[in-house]
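# Secondary and tertiary structure notes
Now for the letters of each chain:
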Amino acid sequence: MDIMTPKAKTGWRYEREEASMADVHRSIGTRKHSSRWRRALAFVGPGYLVAVGYMDPGNWSTSLAGGSKFGYSLLAVALLSNLMAIVLQSLCARLAIASGRDLAQACRDAYPRWVSIPLWLCAEVAIIATDIAEVIGTAIGLNLLFGIPLELGVLITALDVFLILYLQKIGFRWIEAFVIALLGIITVCFGIQIFLADPQWGEVIRGFFPTTEIVSNPEMLYLALGILGATVMPHNLYLHSGIVQTRDYGHSLPEKREALTYATIDSTVALCFALLVNASILILAAAAFHATGRTDVAELGEASSLLAPLLGLAIAPTLFGIALLCCGINSTVTATMAGQIIMEGFIKIRLRPWIRRMITRAIAIVPASIVTVWYGEAGTAELLILTQVVLSLQLSFAVFPLVMFTASKAKMGELVAPRWLSAIAYTIAFVIAALNINLLLNFVIG
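Residues numbered from 1 in each chain as written. Predicted model: local features only at pLDDT ≥ 70, side-chain atom pairs only at ≥ 80, totals over all residues. Heavy atoms only, no water.

### Here we look at the overall build of the protein
Test applied: Strands here are runs of E lasting at least two residues and helices are runs of H or I lasting at least four, both read from the DSSP assignment and numbered beginning at the N terminus. For the exposure calls, accessible area comes from a 1.4 Å probe over protein chains only, and a residue counts as buried if that area is under 20% of its type's maximum, exposed if over 50%, partly exposed in between. Residue contacts are defined here by distance: any two heavy atoms, one from each residue, within 4.5 Å place the two residues in contact. The protein chains shown are the only cover counted for residues, whose accessible areas, like all others here, come from Shrake-Rupley with a 1.4 Å probe.
From N to C terminus, the protein includes 20 helices and two strands. Expressed as a percentage of the 446 residues in the protein, the buried residues total 59%. For the protein, long-range pairs separated by at least 24 residues make up 85% of all intrachain contacts whose partners lie at least 6 apart in sequence. Counting only carbon and sulfur atoms, one obtains 69% of the accessible surface of the protein, whose full area is about 17,800 Å².

### Describing the environment of glutamate 213
Tracing the backbone through its elements, the reader meets glutamate 213 in helix α12 (residues 213-216). Note on glutamate 213: relative accessible area 38%, which makes it partly exposed. For glutamate 213 and serine 73, which are 140 residues apart along the polypeptide, the C-alpha to C-alpha distance reads 9.3 Å.

### A word on the packing of aromatic side chains
Operational definition: Only the six-membered ring of Trp is used, alongside the rings of Phe and Tyr, when aromatic pairs are assigned; centres must lie within 6.5 Å, and planes under 30 degrees apart are stacked while those over 60 apart are edge-to-face, with the rest tilted. A ring has a charge above it when a Lys NZ or an Arg CZ is no more than 6 Å from the ring centre and no more than 35 degrees off the ring normal.
What the rule picks out here adds up to six aromatic pairs. Seen from their ring centres, tryptophan 12 and phenylalanine 405 are 5.5 Å apart, and the 55° between their planes marks the pair as tilted. Separated by 393 residues along the polypeptide, tryptophan 12 in the loop between α1 (7-10) and β1 (28-29) and phenylalanine 405 in helix α18 (residues 353-406) bring together distant segments of the chain. Here the two residues tryptophan 12 and phenylalanine 405 agree in accessibility, since each one is buried. One residue, arginine 26, lies across the ring of tyrosine 249, its end atom 4.3 Å from the ring centre. Stacked on the ring of tryptophan 12, the Lys or Arg arginine 101 has its end atom at 4.2 Å from the ring centre.

### Quick look at the state of the cysteines
Note on terminology: disulfide describes a covalent bond linking the sulfur atoms of two cysteines. Short version of the rule: Here, the term disulfide refers to a pair of cysteine sulfur atoms separated by no more than 2.5 Å.
Enumeration according to the criterion identifies zero disulfides in this entry. Left without a disulfide partner, cysteine 327 is nearest to the cysteine sulfur of cysteine 326, which lies 7.1 Å away.

### A few points about the packing of helix α5 (residues 75-99) against helix α15 (residues 253-288)
To be explicit about the condition: Helix axes use the C-alpha atoms of the stretch in contact, all axes being lines fitted to C-alpha atoms, and the angles between their N-to-C directions lie in the range 0 to 180 degrees. Every angle not falling under 35 degrees, over 145, or within 65 to 115 is termed oblique; those three ranges are roughly parallel, roughly antiparallel and roughly perpendicular. The sense of a crossing depends on the near helix, which, turned anticlockwise from the far helix by less than a right angle, makes the crossing left-handed and, turned clockwise, makes it right-handed. Note that Gly is not counted as nonpolar here; it falls among the polar residues with everything else outside the nonpolar set of Ala, Val, Leu, Ile, Met, Phe, Trp, Tyr, Cys and Pro and the charged set of Asp, Glu, Lys and Arg.
It is the contact of α5 with α15, at a shortest axis distance of 9 Å, that shows an interaxial angle of 160°. In terms of orientation, α5 and α15 fall into the roughly antiparallel class. In this structure, α5 meets α15 at a crossing whose hand is right-handed. By residue class, the composition of the contact of α5 with α15 is 17 nonpolar, seven polar and two charged.

### Section: a nonpolar patch on the surface
As a reminder, the rule being used: Like charges are joined within 9 Å and nonpolar side chains (Val, Leu, Ile, Met, Phe, Trp, Tyr) within 5 Å, but only among residues with over 30% relative accessible area and no salt bridge; these make up the patches. Think of a salt bridge as a Lys or Arg side-chain nitrogen and an Asp or Glu carboxyl oxygen that are within 4 Å of each other.
Together, Tyr166, Ile170 and Trp174 make up a nonpolar patch on the protein surface, roughly 350 Å² of accessible area in all. Mapped onto the elements of the fold, tyrosine 166 is located in helix α9 (residues 160-170).

### Concerning unusual backbone geometry
Phi at arginine 26 takes a positive value of approximately 50°, unusual for a residue other than glycine. Among the secondary structure elements, arginine 26 is positioned in the loop between α1 and β1. In this model, aspartate 198 sits at a positive phi of 50°, which is unusual for a non-glycine residue. Within the secondary structure, aspartate 198 sits in the loop between α10 (172-197) and α11 (201-207). Aspartate 198 gets classed as exposed once you look at its relative accessible area, which sits at 57%.

### Structural notes on the confidence of the model for the protein
Condition: pLDDT measures how confident the predictor is about each residue, on a scale from 0 to 100.
Of the residues in the protein, 86% reach a pLDDT of 70 or more, and the chain-wide mean stands at 83. Predicted confidence in the protein is weakest over α1, with a mean pLDDT of 53, and strongest over helix α6 (residues 103-110), with 96. Between residues 1-8, whose pLDDT stays under 50, and residues either more than four places distant or in other chains, the model counts 16 contacts.

### Comments concerning helix α17 (residues 316-347)
Cut-off, in case you're wondering: To estimate the expected span of a helix, count its residues, drop one, and scale the result by 1.5 Å.
Its 32 residues place the ends of α17 46 Å apart at the C-alpha level, agreeing with the 46 Å of an ideal helix rising 1.5 Å per residue. Among the 32 residues of α17, 28 are classified as buried, and the element is accordingly described as predominantly covered. Lysine 348 sits one or two positions beyond α17 and adopts a positive phi of about 60°.

### A closer look at the environment of leucine 83
On the secondary structure map, leucine 83 appears in helix α5. Through-space distance from the C-alpha of leucine 83 to that of leucine 271 is 8.8 Å; in sequence the pair is 188 residues apart.

### Here we look at the packing of helix α14 (residues 234-243) against α17
With their axes 9 Å apart at the nearest point, α14 and α17 run at an angle of 80° to one another. Of the possible angle classes, the one that applies to α14 and α17 is roughly perpendicular. Contacts between α14 and α17 involve His235, Tyr238, Leu239, Gly242 and Ile243 from the first element and Thr334, Ala335, Met337, Ala338, Ile341, Ile342 and Phe346 from the second. Here the residues of the contact of α14 with α17 are counted per class, giving nine nonpolar, three polar and no charged.

### As for the side chain of threonine 406
Put simply, the rule reads: Here a polar contact is taken to be a pair of N or O atoms separated by no more than 3.5 Å, where protein atoms must pair a possible hydrogen donor with a possible acceptor and residues adjacent in sequence count only if both atoms sit in side chains.
Secondary-structure assignment places threonine 406 in helix α18. Residue threonine 406 is classed as buried on the basis of its relative accessible area of 1%. Within the structure, threonine 406 has its side chain in polar contact with the backbone oxygen of valine 403 (distance 3.2 Å). Not counting residues up to four positions away in its chain, the partners in contact with threonine 406 are Leu91, Arg94, Leu95, Met412, Val416 and Ala417.

### Some details on the pattern of salt bridges
All told, the structure shown has eleven salt bridges when counted by the stated rule. Here lysine 348 makes a salt bridge to glutamate 17, at a shortest N to O gap of 3.1 Å. Taken together, the residues span a long stretch of sequence, with lysine 348 in the loop between α17 and α18 and glutamate 17 in the loop between α1 and β1 at a distance of 331 residues. Residue lysine 348 is classed as partly exposed on the basis of its relative accessible area of 33%. Note on glutamate 17: relative accessible area 31%, which makes it partly exposed. If you follow the salt bridges from partner to partner, you end up with Glu18, Arg101, Arg108 and Asp109 in one network.

Put into structure tokens, the structure is as follows:
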């Protein structure tokens, strides 16, 4: 039962109760009496799990569509999204370390149920949208590599629950190592493809500078929001605020300050690395498709089949398929943990991981199967982009609570965010909200 506490005393409506991800909470030692480098290395890992959101299969579809249609112009959106992500993920670490809560628990402990329950539903919608993208992306990867029909590939993705269960059983560090290894494979695959595509690097550099056309052109704005939703993903905010607490960083203020520093470095470096991979998807599409007059490529299967003749190497589609499959598997791992954090944090329902995974995967498989059977690859491409826009629309419901919590001295204590950081975070929150309102108005007006 929740215990009411005076608001002036803690800033929270309810006392903190259970730990986030209790089965792995503070399970990784930080070598308190070792060198600073060893302590820093102990915090490496969570940032790379968050960085997986940059390489979600849904992001591939939006980046391919943006690169093929508008060339390098939307690289500015990828860069802006990355900067936003760095700020927001640092706030996630701050919230977790200062309050001992993940974002879902913080919403539950700060708001009345008539507010926290709708926030929980929005978070679940984001998880479903993420899962749909993973189902489709993994199924297409299986199709490209092994010729498995999309309909069967969608069903096969349900088996990933056994992989996740095995990784959780042998230890959280193994999950991080598995994800980082797959990220390395993805990087190598894209590095080779970018080398073969030989993009115009002058145009690439200019693409990182924003133009007013991104906002004034409804079609470009739609894709820009899709890239934003695929990059700064709502479930990543819940995920990071939970997995940071797998480190046993102590309870004193100096120990918490040190943990916050190392956790912020981890997420910032990981997200900068992820920007390279995220941008490379768009650069590849711009160099291989837009430059050759193919401005309508958005389907992952079509993109793969076109790479061989355009890049002049038969292995290009295979590299594309391997990277896509790795992305789908990685995203599966992180989305499962985010789903666990959201359900346990908001409504205190503890399910066995395989039950939780099968529920969310079943919800995702149904619409993915229907679209795959009835509309084929063309339908899956449109569904992928739609899921990313849905994620962007859900983003504000996670960002505003996060920014408000970390700006509150009563809730954060000595680790409250500096005013300059809160000002930047609020600006990001309102920019995201304004872009979403613009998108909705364009959709309604037609």
